[in-house]
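Breakdown of the fold
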Amino acid sequence: MKLVFDIGGTSVKFGVADEEGNFSFTDSVPTPKKDVGEFLQVTERIFEKAVREYGIDGVAFSFPGEVHSREGVIKGISAVAYLHEIPLKAILEERFGGLPVTMANDANCAAMGELWKGVAKECQSVVFVICGTGIGGAVIERGKLDMGVTMNRGEFGNFPMGGFKDGVLLSWSNYTLEKQAQKYNKRKQPSEPPVDGIRLDQLAREGDILAEELMEEFYYWMSMGCITLEFAFDPELIAIGGGISSNPGIIDRIQKTVVSLLKGQQQGYLVPRITACTNGSRANLYGALYYHLYGEKIDIE
């Protein structure tokens, strides 16, 4: 049995699975905010309990950031900065009694999970857009995960969108559902409770004018991003993951907005086929397990 972790900026998801991807259980705890020492304490407690109950023989991790899987180091930037630029894989293997530890980027794990157990399992060419607080992504070419020369292929959240504002180049990650909710909270009355992306969508459907405006902006830039990806990669489909993948109404609205934007444009514009990832919050867990089992076969680096 394998212990599998999905480390995010908000929560640490984890579970125990066999080699067929059958999870005995999944659970989550808040992501430690202090430092790597606190992180190791939390994960070690989970590990010790799993070993007692399930007989663990390997540990798989999904991490944010520029994950160098074989080197065992995270570079770049992410929401869990204290995990960067340290020999993380070696540290974890020591803490876990010498058991083999694997680690891979979270968006790539989402892609591998959907390739193995989800929407892309019959596909050879898929682009994944993973929407959380920011936007991540991954590219499957000829059935393989293609990470590019610097391991940054698929970092679609850095796409320039919307020009410059106050000297800062705006990117696709500036228009996620959660970022739109943050904009709403800044402009509402201080006495009103803060909203998240789910509530923002509800308010828009209830006729809140500001929420409607921000949701329209969200759909516009999601659609522009998908149109750009269609011409850049010409994939079989664009699969959207992250929190919004569980809301079919949002995915359908993105597709309809794309069609509306392209209506009447010059001949030759390709209309992306957009769909939701099917594994929801388990996609990264499936992908981390898949990499642990088959990493040497999928050309991750």
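Thresholds applied
- Residues numbered from 1 in each chain as written.
- Predicted model: local features only at pLDDT ≥ 70, side-chain atom pairs only at ≥ 80, totals over all residues.
- Heavy atoms only, no water.
- Phe/Tyr/Trp six-rings, centres within 6.5 Å; stacked < 30°, edge-to-face > 60°.
- Helix = DSSP H or I, 4+ residues; strand = E, 2+ residues; numbered from the N terminus.
- Buried < 20%, exposed > 50% of the residue type's maximum accessible area, 1.4 Å probe, protein only.
- Lys NZ or Arg CZ within 6 Å of the ring centre and 35° of its normal.
- 1 Å grid on protein atoms, 1.4 Å probe; cavity = no way out; pocket = protein on both sides within 12 Å on 5 of 7 lines; lining within 4 Å.
- Points joined across faces, edges and corners; volume = space filled by probe spheres on them.
- Nonpolar A, V, L, I, M, F, W, Y, C, P; charged D, E, K, R; others polar.
- Lys, Arg positive; Asp, Glu negative; His and termini not counted.
- Salt bridge = Lys/Arg side-chain N within 4 Å of Asp/Glu carboxyl O.
- Polar contact = N/O pair within 3.5 Å; in protein donor to acceptor, adjacent residues only side chain to side chain.
- Contact = heavy atoms within 4.5 Å.

**Quick look at the packing of aromatic side chains**
One pass over the full model with this rule turns up 20 aromatic pairs. Summarising the aromatic geometry, the rings of Phe 39 and Tyr 82 are spaced 6.3 Å apart at their centres and angled 55° between planes, so their arrangement reads as tilted. Residue Phe 39 is located in helix H1 (residues 36–54), and its partner Tyr 82 is located in the loop between strand E6 (73–75) and helix H2 (88–95); the two are separated by 43 residues in the primary sequence. We note that Phe 39, like Tyr 82, is buried. One aromatic cluster in this structure is built from Phe 5, Phe 14, Phe 25, Phe 39, Phe 47, Tyr 54, Phe 61, Phe 63, Tyr 82 and Phe 96. Above the plane of the ring of Trp 116 lies Lys 117, whose end atom (NZ or CZ) is 4.9 Å from the centre.

**What to know about empty space enclosed by the protein**
Across all of its chains, the model carries two cavities of 30 Å³ or more by this definition. When its volume is computed, the largest cavity comes out at roughly 50 Å³. Lining the largest cavity are Gly 65, Glu 66, Val 67, Asn 105, Asn 108, Gly 137, Met 147, Met 151, Asn 152, Arg 153 and Glu 155. Each residue belonging to the lining of the largest cavity can be placed in one class, and the counts come to three nonpolar, five polar and three charged.

**Overview of the side chain of Asp 6**
Secondary-structure assignment places Asp 6 in strand E1 (residues 2–7). For the buried Asp 6, no salt bridge is present, and the opposite-charge side chain at shortest range is Lys 13, 4.2 Å distant. Within the structure, the side chain of Asp 6 is placed 3.3 Å from the side chain of Ser 62, a separation counted as a polar contact. Reaching out from Asp 6, the side chain makes a polar contact with the side chain of Asn 284 at a distance of 3.2 Å. Apart from residues lying up to four places away in sequence, Asp 6 is in contact with Ser 11, Val 12, Lys 13, Ser 62, Asn 284 and Leu 285.

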